[in-house]
Amino acid sequence: MRLSLAAMALGATLLAGHGAFAAGARWDGADDLPVNPLPCDGGAGTVVSKAYDGGKAVNAPNMAGKPITLVDVPKLIGIGYFNATSQGMQEAAKELGNVKVTTDGPTEAKIDEQIKFIDNYITRGVNGVLFAANDPVAIAPVLKKALSKGIHVVGYDANSTPDAREWFVNQAEFNGIAKSMIDNMAKEMGENKSFAIVTSTFTTPNQARWIAEMWAYAGKCHAKMKWLETVEAQEDNILSFNQASTLINKYGDQLSGLFGMTSVATPASAEAVTRAKLCGKIAVVGLATPNAMKPYVKTDCVKSVVLWNPVNLGYAAVYVTRAVVDGKLKPGDTSVEAGKLGKLMVVNGSEILLGSPFTYTKENIDQFNF
Amino acid sequence: MSATLTAAAPRRLRFAVSQEWLLAIAILLLFVGVGLYNPRFVASRNLQSILLGNAYVAVAAIGMSMVIISGNIDISVGSLIGVLASVSGGLAVAGVPSVLAWLIPVAIGSAVMAAQGALVAYLGLPSIVVTLGMLSILKGGLISVTNGVWISNLPDNYHLAQWSLFGVVPMPVAFMVVLTIAAAWWMRNTALGRSIYAVGGNAEAARLCGIGRERTLMMVFAVHGAFVGIAAVLFATQLSVIQSTVPSNLELTIITASVVGGVSILGGTGTVVGATLAAVLIAAIGSSLIFVNLSPFWLRAVQGILILVTVLADIYRRRRRGLAR
């Protein structure tokens, strides 16, 4: 009994030992890597120039301006997300008129299956392969085989090692997502307000990167916004809800915004705000997929869901491939024309940046199903 | 033999009571301490968040306590809750009346646990192995069947948390309190309930008293399964979407609640009142960490400390009892 009492005392000491904050340090949950915040006005920002590091299709036949056949092998087929990328590819093919694209792939996100599909299409003969890799390293040999047979290879959504493909269409860079998150929050809650962040864990790489870039961008462009705290909620729906509720209970009127850093935390934060009957008083901005957010967007509790637009991603991948075949996109180029998307920038040597992230709102969210 | 059993009972009772009082005092101290630091911690809204968000853990801990008292353990509980929550939500979305969507998972939970109980009781397999196997089956099965797609568009009247007893006590909290009291009464005052202690304390003595070990274990697992089913329904009906994956580490939280609640991991002693209080304490600690600006990683550490201290105290008490004899 005395032992347990001693333990209680120890527990109390631990609880009382209030975490010390280092002033001026980055927000909790951010990493220590260099940050590269975009300009406040929406300009392109500093592009670190890097030599082309992609591969090359060996002795590819000159098909400039001629009809070409492409195959798209996503991570898996039959899910909303890749249905959307596939839809974008068909739109691009229709606009261009001289491209035929077929989407085919495994029904489960398995790399060995994906390799088989690509291998089969190499044997059958196509002019180009589009892919979203289930594994960046494991997919490389079969892509290199395609290149060696004169087949053009372009990735999107999930990259391979750079030398195994020619170009990769990058859906969003960390600083782009960060700018979109902070700008939307500033617009919804106002500049002189305070917000908190619900993330997966402080060490999850993508989330830590985004938070670091958000910290940098907010410091540069929305310096009056006040960060209160970051809480961890794994990728657990109930825990995310409980953590968001606790933040609301803790800060009361002081809290004007919640960032959800994962596709789990964002809907759970929206749910917590809804349950607390604080819609309109606490803005929720976050990364999430449209389907999970539809209930909250429709009730006006959430106004901005930040992500990229997968339809545009597929659309850009086809335009990029056409440009490669036509000789309009060569190593060393700094941009490429992509139909309705306009001029897309080349970044990181051999990647095409899709552009600013897409914000899903009440007006457009019903057009998406993933 | 029966003399030994009755002689042990008051002692057991005394220990159980002391653990429960300790927990009640700890909860009180925590609320006073953190409440002084930040009064919003004890505002009714936060108390409601703490209780509502964790009632399902306490309900599952009732069944878990019975299993541990009977000398066994169940580590499939978190996975089963995940599966039953998806089953419940799936039924509700398919248009099945909400009442059935609540009751069917309870029946399935009971059946799945009874099957595991049969393996433990009649084939003599260790419960940790049986339930570890079940954990993998359920976890893998759930992901394969649902592909991780969330269940949404649940009907409005499906959400238990919106209902409240007498207009004040939210349904999940009412379930927690009523089930705890009912289970505590049953385990203390009925022959069937007491047989759980007998089997866990000394199976051979229980057998000589005419208590069938196998039948009792089957019953314990089946009853536990029903509690798991109820917990799963409370879990599923909280939010407007159900994440169709197994909640991580849920089994650990539930076992922690039982053990910290004073249920001896060696079997034979403990009460469900302690388990429920411990579940509330752990939930309150989790919430308080945010109020005092500590990382939730501390929750794991504090949980660990609580377990170790409780087990140490248990062994210390047993030793003293041994010396007293």
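Within each chain, residues carry numbers counting from 1 in the order of the written sequence. Labels are handed out in written order, letters beginning with A for the chains and numbers beginning with 1 for the ligands. Where local features are concerned, this predicted model is filtered to residues with pLDDT of at least 70; where side-chain atom pairs are given and counted, the filter is 80 or more; whole-chain, interface and lining totals use all residues.

1. Re the confidence of the model for chain B
When pLDDT is low, close inspection of the predicted coordinates is not appropriate.
Residue and element names in this part refer to chain B.
Phase 1 of the analysis: How sure the predictor is of each residue is captured by pLDDT, a score from 0 to 100. Averaged over all residues, the pLDDT of chain B is 87; the fraction at 70 or higher stands at 93%.
Phase 2 of the analysis: Averaged over each element, pLDDT in chain B is lowest for helix H1 (residues 2-37) (71) and highest for helix H4 (residues 98-122) (96).
Phase 3 of the analysis: Residues are defined as contacting one another if the C-beta atoms placed from their backbone atoms lie within 7 Å. Note on residues 1-9: pLDDT is under 50 here. Beyond four places in sequence and across chains, it has seven contacts.
Phase 4 of the analysis: In the predicted assembly, ipTM is 0.82 and pTM is 0.81. Counting from the N terminus, the helices are DSSP H or I runs at least four residues long and the strands are E runs at least two residues long.

2. Considerations on the sheet that holds strand E6 (residues 194-199) of chain A
Residue and element names in this part refer to chain A.
Phase 1 of the analysis: When DSSP finds at least two bridges between two strands, those strands are taken to pair. Taken in spatial order, the six strands make up an open sheet running E7-E6-E8-E9-E10-E14, and their pairing is mixed. Among the strands making up the open sheet, the edge pair consists of strand E7 (226-232) and strand E14 (358-360). Ignoring which end each strand starts from, the neighbouring axes of this sheet average 20 degrees apart.
Phase 2 of the analysis: Here E6 runs beside E7; their pairing, made up of five bridges, is parallel. Where helices are involved, their axes are fitted lines through C-alpha atoms of the stretch in contact, as for all axes, and angles between N-to-C directions lie from 0 to 180°.

3. Observations regarding the interface of chain B and chain A
Phase 1 of the analysis: In this complex, chain B contributes 39 residues to the contact, which on the side of chain A involves 33 residues.
Phase 2 of the analysis: Mapped onto the side of chain B that touches chain A, the elements with two or more residues apiece are H1, helix H2 (44-69), helix H11 (272-291) and helix H12 (297-324) of chain B.
Phase 3 of the analysis: For the side of chain B that touches chain A, the leading source of residues is H12(B), giving eight residues.
Phase 4 of the analysis: Classification used: nonpolar for Ala, Val, Leu, Ile, Met, Phe, Trp, Tyr, Cys and Pro, charged for Asp, Glu, Lys and Arg, polar for all others including Gly. Looking at side-chain class alone, the side of chain B that touches chain A contains 21 nonpolar, 16 polar and two charged residues.

4. Some thoughts on the packing of H4(B) against helix H5 (residues 127-146) of chain B
Residues and elements named next belong to chain B.
Phase 1 of the analysis: Axis separation between H4 and H5 bottoms out at 9 Å; the angle between their running directions is 150 degrees. The angle between the axes of H4 and H5 places the two elements in the roughly antiparallel class. The handedness of the crossing between H4 and H5 is right-handed. For the pair H4 and H5, the contacting residues are Gln-116, Leu-119 and Val-120 in the first and Ser-127, Val-130, Thr-131 and Met-134 in the second.
Phase 2 of the analysis: Looking at the contact of H4 with H5, its residues break down into four nonpolar, three polar and no charged. Should an angle fall under 35 degrees it is called roughly parallel, over 145 degrees roughly antiparallel, and 65 to 115 degrees roughly perpendicular, with every other angle called oblique. Each crossing gets its hand from how the near helix is turned against the far one by less than a right angle, where anticlockwise is left-handed and clockwise is right-handed.

5. What to know about the pairing of strand E3 (residues 128-131) of chain A
Residue and element names in this part refer to chain A.
Phase 1 of the analysis: Three classes are used. A residue is buried when 20 or more other C-beta atoms lie within 10 Å of its own, exposed when 12 or fewer do, and partly exposed in between, with C-beta atoms placed from the backbone. Neither face of E3 is exposed, since Gly-128 and Leu-130 on one face and Val-129 and Phe-131 on the opposite face are all buried.
Phase 2 of the analysis: Note: strand E1 (residues 68-73) against E3, four bridges, orientation parallel. Following the sheet pairing, Leu-70 is matched in E3 by Gly-128.
Phase 3 of the analysis: Both E3 and strand E4 (residues 152-156) contribute to a ladder of four bridges, which runs parallel. Bridging across to E4, Phe-131 finds its partner in Gly-155.
Phase 4 of the analysis: What joins E3 to E4 is helix H4 (residues 140-148), and the crossover it makes is right-handed. Orient the strands so they point away from the viewer, and a crossover whose first-strand-to-second-strand path over the helix runs clockwise is right-handed.

6. A few points about the confidence of the model for chain A
Residue and element names in this part refer to chain A.
Phase 1 of the analysis: Taken residue by residue, chain A gives an average pLDDT of 89. The fraction at 70 or more is 92%.
Phase 2 of the analysis: Across chain A, the secondary-structure element scoring lowest on mean pLDDT is helix H1 (residues 2-16), at 48, and the one scoring highest is strand E8 (residues 255-260), at 97.
Phase 3 of the analysis: A low-confidence stretch, residues 9-23 (pLDDT under 50), is modelled with 14 contacts involving residues beyond four sequence positions or located in other chains.

7. Things to note about unusual backbone geometry
Residues and elements named next belong to chain A.
Phase 1 of the analysis: Positive phi values are uncommon outside glycine, yet Lys-277 reaches one of about 55 degrees.
Phase 2 of the analysis: Locating Lys-277 in the fold gives a position in the loop between helix H8 (265-275) and strand E9 (283-287).
Phase 3 of the analysis: A positive phi angle is found at Asp-300, which is not glycine, with a value near 70 degrees.
Phase 4 of the analysis: Of the residues examined, Asp-300 has 10 C-beta atoms within 10 Å and is grouped as exposed.

8. Overview of helix H2 (residues 80-96) of chain A
Residue and element names in this part refer to chain A.
Phase 1 of the analysis: Helix span, as expected, comes to 1.5 Å for every residue beyond the first. With 17 residues, H2 extends 24 Å from end C-alpha to end C-alpha; this agrees with the ideal 24 Å at 1.5 Å per step.
Phase 2 of the analysis: For H2, the set of buried residues is Tyr-81, Phe-82, Ala-84, Thr-85, Ser-86, Gly-88, Met-89, Ala-92 and Ala-93.
Phase 3 of the analysis: Looking one or two residues beyond H2, the residue adopting positive phi is Gly-97, at roughly 85 degrees.

9. Structural notes on the environment of His159(B)
Phase 1 of the analysis: Following the sequence through the fold, His159(B) ends up in the loop between H5 and strand E1 (164-165).
Phase 2 of the analysis: Expressed as a C-alpha distance, the spacing of His159(B) and Gly268(B), which sit 109 residues apart in the sequence, is 37 Å.

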